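Listed here are the chains, written in short residue letters.
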Amino acid sequence: MSAAEHSAQDVECMQAALAEARAAEAAGEVPIGAVIVANGEIIACGQNRVLRDHDPTAHAEVVALRAAGQALQNYRLRASKSDPGCTLYVTLEPCAMCAGAMLHARIMRLVYAAPDPKAGACGSVLAVMNHPQLNHRVQVEPGLLADEAADLLQNFFRARRR
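Cut-off values and rules
- Residues numbered from 1 in each chain as written.
- Predicted model: local features only at pLDDT ≥ 70, side-chain atom pairs only at ≥ 80, totals over all residues.
- Heavy atoms only, no water.
- Buried < 20%, exposed > 50% of the residue type's maximum accessible area, 1.4 Å probe, protein only.
- Helix = DSSP H or I, 4+ residues; strand = E, 2+ residues; numbered from the N terminus.
- Pairing = 2+ DSSP bridges.
- Polar contact = N/O pair within 3.5 Å; in protein donor to acceptor, adjacent residues only side chain to side chain.
- Contact = heavy atoms within 4.5 Å.
- Axes fitted to C-alpha atoms, helices over the stretch in contact; angles between N-to-C directions.

1. Topic: the pairing of strand E1 (residues 33-38)
Counting buried residues in E1 gives 6 out of 6 residues, a clear majority hidden from the surface. Covered by surrounding structure in E1 are Gly33, Val35 and Val37 together with Ala34, Ile36 and Ala38, the residues of both alternating faces. As paired elements, E1 and strand E2 (residues 41-47) share 6 bridges and run antiparallel to each other. In the strand pairing of E2, Ala38 is matched with Glu41. Relative to strand E3 (residues 86-92), E1 runs antiparallel, the two sharing 5 bridges. What sits directly across from Val35, in E3, is Tyr89.

Here it is, written out as structure tokens:
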């Protein structure tokens, strides 16, 4: 979906995820950022922290999921069947680990910017999200501000190769 097909709130939230990505880059991490929204409010933010935390699981999405669980005091990021649940915005298509964590957390909606042709688990390489044998479904919306997110990553890796 293009930015024109998304709400102003979606664009604002993805811009917040991009700000997290820039902060990760400033800290020497791969520039990936995430935010989680519940009831129209950002309740958690995350950025890649694998190098800083010496933690292979500290991807932006996992960092944000952990913070959202603390904010809601529940590992299921949905209070009840009538709760609309949370939306996770992330600047790069999630990997298999992150997709699995989102399923366990019962994220209702995922909006991601750039596809990941090397490790994406939402259709690019794997199809972990919404696999027919799993019992939870996530509304997946790719491509919001994809060019901006892709440029951030490409520039980061171009600079590292120099």
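Past the structure itself, the notes keep going.
2. What about the side chain of Glu93?
Structurally, Glu93 is set in the loop between E3 and helix H4 (96-105). One polar contact links the side chain of Glu93 to the main-chain amide nitrogen of Cys122, over a distance of 2.9 Å. At 2.5 Å, the side chain of Glu93 and the side chain of Ser124 are in polar contact. Those residues in contact with Glu93 that sit more than four places away from it in its chain are Tyr112, Ala114, Pro115, Asp116, Gly120, Ala121, Cys122, Gly123 and Ser124.

3. Comments concerning the sheet that holds E1
Read across the sheet, 5 strands follow the order E2-E1-E3-E4-E5 without closing on themselves; strand pairing throughout is mixed. The open sheet has two edge strands with one neighbour each: E2 and strand E5 (139-142). The sheet shows a mean angle of 15 degrees between the axes of neighbouring strands, taken without regard to direction. Contacts from helix H1 (residues 8-26) reach E1, E2, E3, strand E4 (109-114) and E5, with the element oriented near 145 degrees to E1. Sheet contacts for helix H3 (residues 60-72): E1, E2 and E3; angle to E2, the most-contacted strand, approximately 140 degrees.

4. Remarks on the side chain of Arg109
By secondary structure assignment, the location of Arg109 is in strand E4. Of the residues examined, Arg109 reaches a relative accessible area of 16% and is grouped as buried. In this structure the side chain of Arg109 is engaged in a polar contact, spanning 2.6 Å, whose partner is the side chain of Asp10. Side-chain polar atoms of Arg109 contact the side chain of Tyr89, separated by 3.4 Å. Among residues more than four places away in sequence, those in contact with Arg109 are His6, Asp10, Cys86, Thr87, Leu88, Tyr89, Val138, Gln139 and Glu141.

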